[in-house]
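# Structure at a glance
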Amino acid sequence: MALGLTLGLVACSGESGPPVLTWYINPDDGGQEEIAARCTEEAGGDYQIQTSLLPRDASSQREQLARRLAASDTSIDIMSLDPPFIPEMAAAGFLAPVPDDLQDTDDVVQGAVDSATWDDELVTVPFWANTQLLWYRESVAEEAGLDMDQPVTWEQIMDAAAETDTLLGVQGAKAESLTVWINALIASAGGEIITNPEAPADEVQLGLDSDAGREAAQIMSRIGQEGLAGPGFPTADENASMNLFAGDNGSFMVNWPFVYPAISDSDPDLIDDIGWTIYPQVEEGTEAATPVGGINLGVSEFSEHVDLAYQAVECIVQPENQSEYFVTNGNPPSSISAYDDEEVAEEFPMAETIRDSLDQGVPRPQTPYYNEVSIGLQETWHPPAAIDPDTTPASSAEFITAVLRDERLL
């Protein structure tokens, strides 16, 4: 009996401490766990943050969170969310409203604001943002006669690769990276994959069968049919593109900023020949719609500590935390002022270009049916060499529309 009473007292004393907030994080190099520890210390006993690791790929993260939220799981407090899946979470009522004191986005790059918004409301809080730059070998650009201080077009870099007998680093694999590319091309040409993203599934209208869709298809098909990205193009992801770019025949590459430290570590002699600039334009003189990625923070509607969770979020997204996260984990801030940090400029000399790119970024389609749309694009725009600018955009639109209306299966 004495032992039972002792155990009971221990259990009760454990429950009397500060509330424990569980933050579901995507895999990184330990940066989110460090921020959680720092914010726990700064909370002064008001709360503790513990982290729980989500699967590595975004679709599995979505599946795990959506299933648990659909069951009103109260053990989820804060979530690191991939932007394309935020509309689905918001439309389902899984996200607690963002409080007024976190609605101020004056210090946030526009691409991150757009990716955190659904139905004209900020439904998550921007944390870190990501974008693709155009990376180039300075020696190849010089040989091709391109002035990289000025915006360049896809046609120019395709012509340059052909003239110099070098290869382009682009992502042609049947994966999310293909959707990122398609969206960036169509948006850069002034179009939209979905023209009414807030519509119910059976009313969604697609903008693929358009001049913008055909221009995007023309660029992708030319690269595939002329072999401008090499024989591995149909299976090339971001890492494969980086390795191609760093090889003897590399020339230009569209990719995320992780490539800079990766190449610096593997081939430091090559860094002196690498430059960077804003994503290529589809139409000369028309600003490119750069890809946007990253992570936004959502608070579960079913959390037992919504107010405390948002206090923790406010701490997590402080500019100083974002700049340190960039330096230590390579994930760019969504905060504009975080780019003023001296360590950021030292570690990432292209930080200003990243910030500018994020300000002109365009998120992937903001729709609760993103999963169906993305997979539908991958099914119909792959392999790139088989794309027909005259027929692929239209047939892709027909297929995805039928899927959304439950007339076809993915």
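Keep in mind it's a predicted model, so treat the numbers as computed, not measured.

## Observations concerning empty space enclosed by the protein
A complete count under the given rule lists 2 cavities of 30 Å³ or more for this structure. Mapped by element, the contributors of at least two residues to the lining of the largest cavity are helix 3 (58–70) and strand 3 (78–81). The biggest single contributor to the lining of the largest cavity is helix 3, with 4 residues. Considered class by class, the residues forming the lining of the largest cavity number 5 nonpolar, 2 polar and 2 charged. The computed volume of the second largest cavity comes to approximately 30 Å³. Gly31, Glu34, Ile35, Arg38, Asn321, Glu324, Tyr325 and Thr328 are the residues that line the second largest cavity. Classifying every residue of the lining of the second largest cavity gives 2 nonpolar, 3 polar and 3 charged.

## As for helix 11 (residues 259–266)
Residues of helix 11 that are buried include every one of Val259, Tyr260 and Ile263, and no others. Here the buried residues of helix 11 occupy an arc of 100 degrees about the axis, which is enough to place them on one side. Check the buried side of helix 11 and you find it contacts strand 7 (133–137), helix 10 (238–246), strand 9 (250–255), strand 10 (274–277) and helix 14 (342–347).

## A closer look at the packing of aromatic side chains
The tally for this structure, following the rule as stated, stands at 12 aromatic pairs. Note on Phe94 and Phe302: the rings are 6.3 Å apart at their centroids and 55 degrees apart in plane angle, and the pair reads as tilted. Within this pair, whereas Phe94 is found in the loop between helix 4 (86–91) and helix 5 (110–115), its partner Phe302 is found in the loop between strand 11 (290–299) and helix 12 (306–316), the two being separated by 208 residues in sequence. We classify Phe302 as partly exposed; its relative accessible area is 23%. Ring geometry for Phe326 versus Phe348: centroids 4.1 Å apart, planes at 15 degrees, classification stacked. Of this pair, Phe326 sits in helix 13 (residues 319–329) while Phe348 sits in the loop between helix 14 and helix 15 (351–359); the two residues are 22 residues apart in sequence, bridging distant segments of the chain. A relative accessible area of 4% places Phe348 in the buried class. One aromatic cluster is present, built from ring pairs that chain together Trp154, Trp181, Phe233 and Tyr279.

Criteria and cut-off values
- Residues numbered from 1 in each chain as written.
- Predicted model: local features only at pLDDT ≥ 70, side-chain atom pairs only at ≥ 80, totals over all residues.
- Heavy atoms only, no water.
- 1 Å grid on protein atoms, 1.4 Å probe; cavity = no way out; pocket = protein on both sides within 12 Å on 5 of 7 lines; lining within 4 Å.
- Points joined across faces, edges and corners; volume = space filled by probe spheres on them.
- Helix = DSSP H or I, 4+ residues; strand = E, 2+ residues; numbered from the N terminus.
- Nonpolar A, V, L, I, M, F, W, Y, C, P; charged D, E, K, R; others polar.
- Buried < 20%, exposed > 50% of the residue type's maximum accessible area, 1.4 Å probe, protein only.
- Arc of directions from axis to C-beta.
- Contact = heavy atoms within 4.5 Å.
- Phe/Tyr/Trp six-rings, centres within 6.5 Å; stacked < 30°, edge-to-face > 60°.

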